[in-house]
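Here is how the chains run, residue by residue.
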Amino acid sequence: MPSRTMRSVLVLGSLASLTAAVGYGMGAARSEVTATIDAPSPAADNPRDDKLGTLQRQVRSLQRSLSELSANRPSADFARLQEQLAALEARLDEIGRGDEREANPEANLTDDEKRAVERARTDVFIALLEDHFQAEPRNEAWAAKVESSIGSTLKAEVGVVPKLVECQTKLCKVEMDHKDREAEDLFLHKVVHVRELGDTEAFLERHEHEDGTISTLTYLVGDGKHLPATPVL
Amino acid sequence: MNRNLLRLSLGGAFAALLLAGAASLSPASAEDGKIYPSAFCAGALVGNPPIVSFSSDALTNNSTTNSAVVVCPTIKDDVFSAAGLNEAKLHYCKAGAPGFLVDLRSHTSFGTSVAVSSKSDFLGAGCRTFTWGALPGVSEGFYTFMVVIPPSIDGVATKSKLISYRIDEN
């Protein structure tokens, strides 16, 4: 059983993930917003209690909105988010009953727990990027040119042919296996400097295997454009 | 309504939470940038005289044939923040067309890269500035600049050099 402090961090981390998922949708479909957030109450004497109360009200508001949305449109995403919100609400209640005052409870996490937090954060953002990628139409001329350039650059300068290179209108994704960390580092430097992409932003999901090899999934956007806003955890 | 639109609807709801949360949990946004002289950077001093020379004002590539690769550290002043960088800049000069390349990388506490934002300049001689916007961060992670300084060119007064860089976390 994780410690109280650790669970606090993990659950609050979930809130951070949820809030971060938002940046992805902030630029579009604002008219689709159906949730309402309770107005903040007057400041409490204790700033910590005030923040806690605000978060609790926000979570309850989100739960109500989520229930309304999911009643007519069931989805696995909603179910997962509902579970996270329920866990978060329970944890906030627990914090409210307790006396946890640590300024930085993250410091108590073990390395494995930190890895789990980082994995959760990455999973959320990769899912968002993949959704975005799938939603983009394919600009055949641009995509074919950039795919070819990425493939040939990696083959020539890294010595490995990527497992997958796919581009759409502005997003590309590259799946690659690396023999070690050094090879992964070289790949990363080369793939973000493919000339046809110009200035690039990239986000990586990586898996280290028992034999020391590494697999990466990289989403790239070029021409000085930006990836969607990133989850904070 | 398709799945993506549903997600955007939900995203809107969370946007409100994000804004409210930010208001309740974070201090007011403020400039908190740190500027680092290029002497912070580390790299191989290859050759005799060395390809790369450090001075108080710049890190210069003296080679007329080889690019120099240096890594420039930063100090994360909010250790547990995962909010990432707001902005970064890097001031440099270059002697000619060969590319001045920079990767701004966000690392986990275990050293692995999670995000990279690259800039490159293939223009002619001159002193210019790269500017980055937001970059994701990780609690207890760190940021580095990986800089490829192109060769200098005989007869060109401007040598290729890295002058300084900065990041702003808030």
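Preceding this section is the structure that the text describes.
Predicted model only: the values in this text are computed from it and were never measured.

**Concerning the overall build of chain B**
Consideration 1: For chain B, the count of helices and strands is one helix and eleven strands.
Consideration 2: Along chain B, from the amino end to the carboxyl end, the secondary structure elements read α-β-β-β-β-β-β-β-β-β-β-β.
Consideration 3: Counting over 170 residues, chain B shows a buried share of 51%.
Consideration 4: Look at the contacts in chain B between residues 6 or more apart in sequence, and 75% of them connect residues 24 or more apart.
Consideration 5: For chain B, the accessible surface area stands at approximately 6900 Å², while carbon and sulfur atoms represent 60% of it.

**Topic: the packing of aromatic side chains**
Pairs of aromatic rings are described using the distance from one ring centre to the other and the angle between the two planes.
Consideration 1: Considering all chains together, one arrives at ten aromatic pairs over all chains under this definition.
Consideration 2: Between Y92(B) and F130(B) the ring centres are 4.5 Å apart and the planes differ by 25°, which places this aromatic pair in the stacked class. You can see Y92(B) sitting in strand β6 (residues 87–94) and its partner F130(B) sitting in strand β9 (residues 126–132), a full 38 residues away along the chain. The same class applies to Y92(B) as to F130(B), namely buried.
Consideration 3: Taken together, the ring pairs in this structure connect Y36(B), F40(B), Y92(B), F100(B), F130(B), W132(B), F145(B) and Y165(B) into an aromatic cluster.
Consideration 4: The ring of F122(B) has R195(A) lying over it, and the distance from NZ or CZ to the ring centre is 3.5 Å.

**Side note on the packing of helix α5 (residues 140–157) of chain A against helix α6 (residues 181–191) of chain A**
All names here are of chain A.
Consideration 1: Interhelical geometry of α5 versus α6 gives an angle of 140° and a closest axis separation of 10 Å. When the interaxial angle is binned, α5 and α6 end up oblique. Seen along the crossing, α5 lies across α6 with a hand that is right-handed. Side by side, α5 and α6 meet where I150, T153, L154 and E157 of the first sit next to L186, F187, K190 and V191 of the second.
Consideration 2: Along the lines of polarity and charge, the residues of the contact of α5 with α6 split into five nonpolar, one polar and two charged.

**Examining the sheet that holds strand β8 (residues 113–121) of chain B**
Consideration 1: Spatial ordering of the open sheet is given by β1(A)-β2(A)-β4(A)-β3(A)-β8(B)-β7(B)-β10(B)-β5(B)-β2(B), a layout of nine strands whose pairing is antiparallel. For this open sheet the edge positions go to β1 (164–167) of chain A together with β2 (42–43) of chain B, each flanked by a neighbour on one side alone.
Consideration 2: Bridge count between β1(A) and strand β2 (residues 171–178) of chain A: four bridges; the pairing is antiparallel. The partner of L164(A) across the bridge, within β2(A), is E175(A).

Criteria and cut-off values
- The residue numbering used here restarts from 1 in each chain and proceeds along that chain's sequence as written.
- The naming scheme follows written order: chains are lettered A onward, ligands numbered 1 onward.
- Local features in a predicted model are, by the rule used here, given only for residues with pLDDT of at least 70; side-chain atom pairs are given and counted only at 80 or more, and totals for whole chains, interfaces and linings are based on all residues.
- Excluded from the side-chain calculation are hydrogens and water; included are all heavy atoms of the structure.
- Runs of E in the DSSP output that reach at least two residues are strands. Runs of H or I that reach at least four are helices, and both are numbered from the N terminus.
- A simple rule labels every residue: compare its accessible area, found with a 1.4 Å probe on the protein chains alone, to the largest value its type can have, and call it buried under 20%, exposed over 50%, or partly exposed in between.
- Any two residues whose heavy atoms approach within 4.5 Å are treated as being in contact.
- The protein chains shown are the only cover counted for residues, whose accessible areas, like all others here, come from Shrake-Rupley with a 1.4 Å probe.
- Think of it this way: a Phe, Tyr or Trp ring, Trp meaning its six-membered ring, pairs with another when their centres are within 6.5 Å, and the plane angle makes it stacked under 30 degrees, edge-to-face over 60, tilted otherwise.
- In this scheme, the term charge over a ring applies when either NZ of a lysine or CZ of an arginine sits within 6 Å of the ring centre and within 35 degrees of the ring normal.
- To get an axis, fit a line to the C-alpha atoms, keeping to the stretch in contact for a helix; angles then go from 0 to 180 degrees between the N-to-C directions.
- Note on angle classes: values under 35 degrees are labelled roughly parallel, values over 145 roughly antiparallel, values of 65 to 115 roughly perpendicular, and the remainder oblique.
- Helix crossings are classified by the rotation of the near helix relative to the far one: an anticlockwise turn of less than a right angle makes the crossing left-handed, while a clockwise turn makes it right-handed.
- By the convention adopted, Pro, Cys, Tyr, Trp, Phe, Met, Ile, Leu, Val and Ala count as nonpolar, Lys, Arg, Asp and Glu as charged, and the other residues, Gly among them, as polar.
- Two strands pair if DSSP finds at least two bridges between them.

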